[in-house]
Amino acid sequence: MTSFKQAETVIHHAPENFIPMLASYASLSAGIFNAETLKFLAVDAYKNNQYGLAIGYVNAALRTIEAEAAKLARSCPPQLEGINSQLKSKRAELADLSARYTKDNDTIYFEQVVNVQDLALPEPRSVTKLVPYEMPPPTAVPIVLKQGGGCVIQ
């Protein structure tokens, strides 16, 4: 189920609980996107031959997904149950990645695995640039009144 469909389900089935459910949905989605970011950092570190760092990032992503799954199990409105499948597939993907990276490190590279607490996360930055908007100058529109009522733009 897409994020849009999940949000639409929340709005249509429980309008009186919309604000608390929106907060839960936003929190769960933020956790999933955070884990996805950590996964991309792990893949990048692995491609740059930083195997211990890659395992650290994957472990951090797994912890994030598991924390979100625990949150979902504790207090999730029934309308947000669709997000549970997202969490399960993301956890399976991360567990597979962790197993592959750990196996490679344990058999080939033997690098020290970075602890989750010691990970250096990159500084957040915007991917867009703020461009000031300037209103265009007003333009005269030639309007002609018709006899008998009405008007026409020439």
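About the criteria used
- Residue indices begin from 1 for each chain and proceed along its sequence in written order.
- Restriction of local features to residues with pLDDT of at least 70 applies here, the model being predicted, together with a cutoff of 80 or more for giving and counting side-chain atom pairs; totals for whole chains, interfaces and linings are based on all residues.
- Excluded from the side-chain calculation are hydrogens and water; included are all heavy atoms of the structure.
- pLDDT runs from 0 to 100 and stands for how confident the predictor is about each residue.
- Numbering goes from the N terminus for both helices and strands, where a helix is a DSSP run of H or I of at least four residues and a strand is a run of E of at least two.
- Every definition here rests on a 1 Å grid over the protein atoms only: cavities are sets of points where a 1.4 Å probe fits but cannot get out, pockets are open sets enclosed by protein on both sides within 12 Å along at least five of seven lines, and lining residues have some atom within 4 Å of a point.
- Grid points are joined across faces, edges and corners, and a volume is the space filled by probe spheres set on the points.
- In this classification, the charged set is Asp, Glu, Lys and Arg, the nonpolar set is Ala, Val, Leu, Ile, Met, Phe, Trp, Tyr, Cys and Pro, and all remaining amino acids, among them Gly, are polar.
- Salt bridges, as used here, are contacts in which a Lys or Arg side-chain nitrogen is within 4 Å of a carboxyl oxygen on Asp or Glu.
- Patch definition: residues with relative accessible area over 30% and no salt bridge; like charges joined within 9 Å; nonpolar side chains (Val, Leu, Ile, Met, Phe, Trp, Tyr) joined within 5 Å.
- Note on areas: Shrake-Rupley with a 1.4 Å probe; residue coverage comes only from the protein chains shown.
- Buried, partly exposed and exposed residues are distinguished by accessible area as a fraction of the type maximum, computed with a 1.4 Å probe on protein chains only: under 20%, between the cut-offs, and over 50%, respectively.
- By definition, residues are in contact when any of their heavy atoms lie within 4.5 Å.

A. Structural view of the confidence of the model for the protein. Chain-level statistics for the protein give a pLDDT mean of 86 and a share of 89% at 70 or above. Per-residue pLDDT, averaged within each element of the protein, yields its smallest value for helix α1 (residues 3–13) (67) and its largest for helix α4 (residues 82–109) (93).

B. Spatial organisation of the layout of surface pockets. Computed from the structure, the largest pocket encloses a volume of approximately 290 Å³. Ranked by residue count, the leading element in the lining of the largest pocket is helix α2 (residues 18–47), at four residues. Taken together, the residues of the lining of the largest pocket sort by class into eight nonpolar, two polar and two charged.

C. Structural view of the pattern of salt bridges. For the structure on display, the rule yields seven salt bridges. Salt-bridge contacts for arginine 91 lead to glutamate 66; the nearest nitrogen and oxygen are separated by 2.9 Å. Here the residue arginine 91 occupies a position in helix α4, and glutamate 66 occupies one in helix α3 (residues 51–74), the gap between them amounting to 25 residues. What you see here is one network of salt bridges that share partners, running through Glu36, Lys39, Lys90 and Glu93.

D. Structural detail: unusual backbone geometry. The backbone of asparagine 49 shows a phi angle near 60 degrees, a positive value even though the residue is not glycine. Tracing the backbone shows asparagine 49 in the loop between α2 and α3. For phenylalanine 110, which is not a glycine, the phi torsion comes out positive at approximately 55 degrees. Position of phenylalanine 110 among the secondary structure elements: in the loop between α4 and β1 (143–145).

E. Up close: a nonpolar patch on the surface. Taken together, Val141, Ile143 and Ile153 make up a surface patch of nonpolar side chains, about 310 Å² in accessible area. Mapping valine 141 onto the fold places it in the loop between α4 and β1. On the basis of relative accessibility, which here comes to 49%, the residue valine 141 falls in the partly exposed class.

F. Spotlight on the side chain of serine 98. Counting through the fold element by element, serine 98 comes out in helix α4. The contacts of serine 98, once residues within four sequence positions are left out, are Val58, Asn59 and Leu62.

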